[in-house]
Amino acid sequence: MTKILLAEDDDSMRMFLAAALRRAGHEIQDYADGESALSALEREVFDLLLTDIVMPGLDGIELARRGAELDPAMKIVFITGFAAVALSSGAPTPAGAKVLSKPFHLREIVDEVDKVMAA
């Protein structure tokens, strides 16, 4: 079982993702913003950070950067509808981070998590 921190500001998207990943056998802690997700990363160890890039306040790129500083072994997957814009902003992203662009099927996110964790 993979311990996943999910950061997604869209409530319905977060609920769907969390439910799909739980059904696939993963342990999920989900947060609606980057600040509360960062607090969780400071308290606990996670196998994977699954985060939206565009969020108010602390965005997903900064969350991932700080998370990678806390735990360089943690895997990172970005989910976003704005991948090209968000990642071209010049902000450095952690090495090995994957990007999954919205829209996607829930099966795709489960498969991507399995692939990233097997790598």
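No experiment lies behind these values; they were computed from the predicted model shown.

S.K.: What exactly am I supposed to notice about the overall build of the protein chain here?
M.R.: Counting its secondary structure elements, the protein chain contains five helices and five strands. Residues counted as buried form 43% of the 119 residues belonging to the protein chain. A total of about 6,000 Å² of accessible surface is found on the protein chain, and carbon and sulfur atoms cover 56% of it.

S.K.: Would you take a moment to explain the UniProt feature "modified residue: 4-aspartylphosphate" (unreviewed entry) in the protein chain for this structure?
M.R.: With numbering matched to this structure, UniProt assigns "modified residue: 4-aspartylphosphate" (unreviewed entry) to D52. Mapped onto the secondary structure, D52 falls in strand 3 (residues 48–52).

S.K.: Would you explain the sheet that holds strand 2 (residues 27–31) in this entry?
M.R.: In a beta sheet, neighbouring strands are held together by backbone hydrogen bonds and run either parallel or antiparallel to one another. With parallel pairing, the five strands of this open sheet are ordered in space as 2-1-3-4-5. Each having just a single partner strand, strand 2 and strand 5 (98–101) make up the two edges of the open sheet. Geometrically, the sheet is characterised by an average inter-axis angle of 20 degrees between neighbouring strands, direction not taken into account. Note: strand 1 (residues 3–7) against strand 2, five bridges, orientation parallel. Its bridge partner being in strand 2, A7 is matched across the sheet by Y31.

S.K.: Help me understand the packing of aromatic side chains, please; the structure alone is not making it clear to me.
M.R.: Two aromatic rings, taken as a pair, are described by how far apart their centres are and by the angle between their planes. Across all of its chains, the model carries zero aromatic pairs by this definition. A cation over a ring is seen here: K3 above F46, with NZ or CZ 5.0 Å from the ring centre.

Rules used in this analysis
Within every chain, residues take consecutive numbers counted from 1 along the sequence as written. pLDDT decides what is reported in this predicted model: residues at 70 or higher carry local features, side-chain atom pairs at 80 or more are listed and counted, and totals for whole chains, interfaces and linings draw on all residues regardless. Just so you know, side-chain values use all the structure's heavy atoms and leave hydrogens and water out. Secondary structure is summarised from DSSP: a helix means a run of H or I of at least four residues, a strand means a run of E of at least two, and numbering begins at the N terminus for each. Under the scheme applied here, a residue whose accessible area is under 20% of the maximum for its type counts as buried, over 50% as exposed, and between as partly exposed, the area being computed with a 1.4 Å probe on protein chains only. Values of accessible area rely on a 1.4 Å probe in the Shrake-Rupley scheme; residue burial ignores everything except the protein chains shown. UniProt positions are given in the numbering used here, feature names are shortened, and annotations may be inferred rather than shown by experiment. Two strands qualify as a pair provided DSSP detects at least 2 bridges between them. Whenever a helix is involved, its axis is fitted only over the stretch in contact; in every case the axis is a line through C-alpha atoms, and angles between N-to-C directions fall within 0 to 180 degrees. Each pair of aromatic rings taken from Phe, Tyr and Trp, with Trp reduced to its six-membered ring, is defined by centres within 6.5 Å and is described as stacked if the planes are under 30 degrees apart, edge-to-face if over 60, and tilted in the remaining cases. Charges are assigned to positions over rings by a cutoff of 6 Å between ring centre and Lys NZ or Arg CZ, combined with an angular limit of 35 degrees from the ring normal.

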